[in-house]
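Fold and geometry: a report
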Amino acid sequence: MDNVLIVVEDLEAAIAFFTELGMELEGRGLVEGEWVGRVIGLEGVRTDIVMMRTPDGHGRVELSKFHSPPAISGEPRNAPANTLGMRRIMFLVEDLDDVVTRLRTHGAELVGEVAQYEDSYRLCFIRGPEGLIVGLSEQLG
């Protein structure tokens, strides 16, 4: 997998959130023109994109803010975890409690609670900018 796309309204808030999660800004730019419209099936595309890279360099999240055509919402802003479609992306972290605390300074909230799966993992879902659900997993032992 190369990357996951997340369309946002507040690009700077999303960058800050994913930076706090430990991701690194890889690059940013404006994408527009007929070629991008042909790829994504829209006309008059003009969008700012930001590529965030995981610390290990193996994964990326692309953040995109559409100027035209404007972004639309296809579901409730704070859709529950059982809503059809892509619900979350999950990150393996070293100190789950510390990451949750730091993300809360960016407005993140726990969706449920931190739970332990057997003796293997501690897990939780966080609702971040614009209702995005991010899973956090800490490997035990």
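Residue indices follow the written sequence of each chain, beginning from 1 at its first position. The model is predicted, so local features are restricted to residues of pLDDT at least 70 and side-chain atom pairs to those at 80 or more, both for listing and for counting; the totals for chains, interfaces and linings are taken over all residues. Derived side-chain values reflect all non-hydrogen atoms in the structure, with water molecules and hydrogen atoms excluded from consideration.

What about unusual backbone geometry?
Ser-68 connects to Pro-69 through a cis peptide bond whose omega is -15°. Backbone geometry places Glu-118, a non-glycine residue, at a positive phi of 50°. By secondary structure assignment, the location of Glu-118 is in the loop between strand E7 (115–117) and strand E8 (121–127). Here's how the labels work: a residue is buried when its accessible area is under 20% of the maximum for its type, exposed when over 50%, partly exposed in between, all with a 1.4 Å probe on protein chains only. With relative accessibility at 55%, the residue Glu-118 sits in the exposed group. Helical segments are the DSSP runs of H or I of at least four residues, strand segments are the runs of E of at least two, and each set is numbered from the N terminus.

Concerning the environment of Cys-124
Its place among the elements puts Cys-124 in strand E8. Once the C-alpha coordinates of Cys-124 and Gly-112 are considered, the two residues, 12 residues apart in sequence, prove to be 7.1 Å apart. With sequence-adjacent residues up to four places away left out, Cys-124 is seen in contact with Leu-96, Val-100, Leu-110, Glu-113, Val-114, Val-134, Gly-135 and Leu-136. Contact criterion: two residues are considered in contact whenever any of their non-hydrogen atoms come within 4.5 Å of each other.

Quick look at the pattern of salt bridges
Whenever a carboxyl oxygen of Asp or Glu lies within 4 Å of a side-chain nitrogen of Lys or Arg, that contact is scored as a salt bridge. Taken as a whole and assessed by the stated rule, the structure comprises 12 salt bridges. Linking Arg-28 and Glu-12 is a salt bridge whose minimum nitrogen-to-oxygen distance equals 2.8 Å. With Arg-28 in strand E2 (residues 24–32) and Glu-12 in helix H1 (residues 11–20), the pair connects residues that are 16 residues apart, well separated along the chain. For Arg-28, a relative accessible area of 48% corresponds to the partly exposed category. Taking the shortest distance from any N to any O, the salt bridge between Glu-138 and Arg-122 comes out at 3.3 Å. Pair noted here: Glu-138 is in strand E9 (residues 133–139) and Arg-122 is in strand E8, with a separation of 16 residues, a long-range link. The exposure classification of Glu-138 matches that of Arg-122, with both residues buried.

Observations regarding the sheet that holds strand E1 (residues 4–7)
Strand order in the open sheet formed by 4 strands is E1-E4-E3-E2, and the pairing between neighbours is mixed. Both outer strands of the open sheet, E1 and E2, are each paired with one neighbouring strand and no more. Neighbour to neighbour, the strand axes of the sheet diverge by 20° on average, direction disregarded. We treat two strands as partners when DSSP finds at least two bridges between them. Two elements, E1 and strand E4 (residues 60–68), share 4 bridges in a ladder whose sense is parallel. If you follow Val-7 over to E4, its bridge partner there is Ser-64. The convention used is that axes are lines fitted to C-alpha atoms, helices contributing only their stretch in contact, and that angles between N-to-C directions extend from 0 to 180 degrees.

Things to note about the packing of aromatic side chains
By convention, a stacked pair of Phe, Tyr or Trp rings (six-membered ring in the case of Trp) has centres within 6.5 Å and planes under 30 degrees apart, an edge-to-face pair has planes over 60 apart, and any other such pair is tilted. Counted according to the given criterion, the structure contains 2 aromatic pairs. For the ring pair Phe-17 and Phe-18, a centre distance of 5.3 Å and an interplane angle of 90° mean the geometry is edge-to-face. There is no split in this pair, since Phe-17 and Phe-18 are both buried. Joined through ring pairs, the aromatic side chains of Phe-17, Phe-18 and Phe-91 make up one cluster.

Overview of the pairing of E8
Pairing of strand E6 (residues 109–110) with E8, which is carried by 2 bridges, proceeds in the antiparallel orientation. Following the sheet pairing, Leu-110 is matched in E8 by Ile-126. Linking E7 to E8, which pair antiparallel, is a turn of 3 residues; within it Glu-118 sits at a positive phi near 50°. Joining the antiparallel neighbours E8 and E9 is a turn of 5 residues, in which Glu-130 adopts a positive phi near 60°.

Things to note about H1
When we look at burial in H1, the residues that qualify are Leu-11, Ala-14, Ile-15, Phe-17 and Phe-18. Down the axis of H1, the smallest arc covering the buried residues is 165°, so these residues share one side. Capping the start of H1 is the job of one residue whose side-chain oxygen sits 3.4 Å from the backbone nitrogen of Glu-12: Asp-10. Of the residues trailing H1, Gly-22 is marked for its positive phi of about 110°. Along the arc lie the directions from the helix axis toward the C-beta atoms. Residues adjacent in sequence count toward polar contacts only when both atoms are side-chain atoms; beyond that, a polar contact is any pair of N or O atoms within 3.5 Å, and within protein one must be able to donate a hydrogen and the other to accept it.

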